[in-house]
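Chain by chain, the residues:
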Amino acid sequence: MSKKVLYAVHEIALGKFPAQVCDACGEQWFDEETSTKIQELEKKKGLFGLSKKSKVSYSGNSLIVRIPDSVAKFMKIKKEDEVIIHPEGKNKITVELV
Ligand SMILES: [Zn+2]
């Protein structure tokens, strides 16, 4: 089935776009033209390519995860900023600026 769906990246809504939606499982696909349009919007808003790999390492007795520069800039995180770390189930951690 074809319908307009709201598309968001990193929790920021980019707008509604025409998509094919599977009646059985709800999975959504965008055609190439729409995908290109979405990617351009992501780039324009500085949201493109913000998901990056990082590794857990040690600092003294604590585990640390480095925040990529692009993510830090996007979120305006600075040294000494306070954050709340909360687990979301067993394979996701949310770091929230306070
Ligand atoms: Zn399906």
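Residues numbered from 1 in each chain as written. Predicted model: local features only at pLDDT ≥ 70, side-chain atom pairs only at ≥ 80, totals over all residues.

## A closer look at the overall build of the chain
Here is step 1 of the chain: What the chain contains, in helices and strands, is two helices and seven strands.
Here is step 2 of the chain: For the chain, the α and β elements follow one another from N to C terminus as β-β-β-α-β-β-α-β-β.
Here is step 3 of the chain: Compactness check: the chain gives a C-alpha radius of gyration of 17 Å against a globular reference of 13 Å for 98 residues, more than 25% above the reference.
Here is step 4 of the chain: A principal-axis box enclosing the C-alpha atoms of the chain has dimensions of 55 × 30 × 25 Å.
Here is step 5 of the chain: Per-residue burial over the chain gives 0% buried out of 98 residues.
Here is step 6 of the chain: Restricting to contacts in the chain with at least 6 residues of sequence separation, those with at least 24 account for 16%. (Helix = DSSP H or I, 4+ residues; strand = E, 2+ residues; numbered from the N terminus. Rg over C-alpha atoms; globule rule 2.2 N^0.38 Å. Buried ≥ 20, exposed ≤ 12 C-beta atoms within 10 Å, placed from the backbone. Contact = placed C-beta atoms within 7 Å.)

## Thoughts on the pairing of strand β1 (residues 2–9)
Here is step 1 of the chain: By the criterion of burial, β1 is predominantly exposed, with just zero of the eight residues buried.
Here is step 2 of the chain: The sheet contact formed by β1 and strand β2 (residues 12–21) spans eight bridges and is antiparallel. Counterpart to Tyr 7 in the pairing with β2 is Gly 15. (Pairing = 2+ DSSP bridges.)

## So, unusual backbone geometry
Here is step 1 of the chain: Even without glycine at this site, Glu 11 takes up a positive phi of about 70 degrees.
Here is step 2 of the chain: Checked against the element boundaries, Glu 11 lands in the loop between β1 and β2.
Here is step 3 of the chain: The exposure class of Glu 11 is exposed, given the 6 C-beta atoms found within 10 Å.

## A few points about the sheet that holds β1
Here is step 1 of the chain: Strand order across the open sheet formed by three strands is β1-β2-β3, with antiparallel pairing between neighbours. Sheet topology places β1 and β3 (28–29) at the edges, where each strand pairs with a single neighbour.
Here is step 2 of the chain: Here β2 pairs with β3 via two bridges, running antiparallel. If you follow Gln 20 over to β3, its bridge partner there is Trp 29.
Here is step 3 of the chain: Its contacts with the sheet place helix α1 (residues 32–44) against β1 and β2, and it is angled at close to 170 degrees to β2. (Axes fitted to C-alpha atoms, helices over the stretch in contact; angles between N-to-C directions.)

## A few points about the domain arrangement of the chain
Here is step 1 of the chain: Splitting the chain by domain gives domain 1 (2–44) and domain 2 (56–97).
Here is step 2 of the chain: Relative placement of domain 1 and domain 2: their C-alpha centres are 28 Å apart. (Domains from an automatic or database assignment.)

## Some remarks on α1
Here is step 1 of the chain: Helix length check: α1, at 13 residues, gives a terminal C-alpha distance of 18 Å against a target of 18 Å (1.5 Å per residue), a fit within 8%.
Here is step 2 of the chain: Looking one or two places after α1, you find Gly 46, whose phi comes out positive at around 70 degrees. (Expected span 1.5 Å × (residues − 1).)

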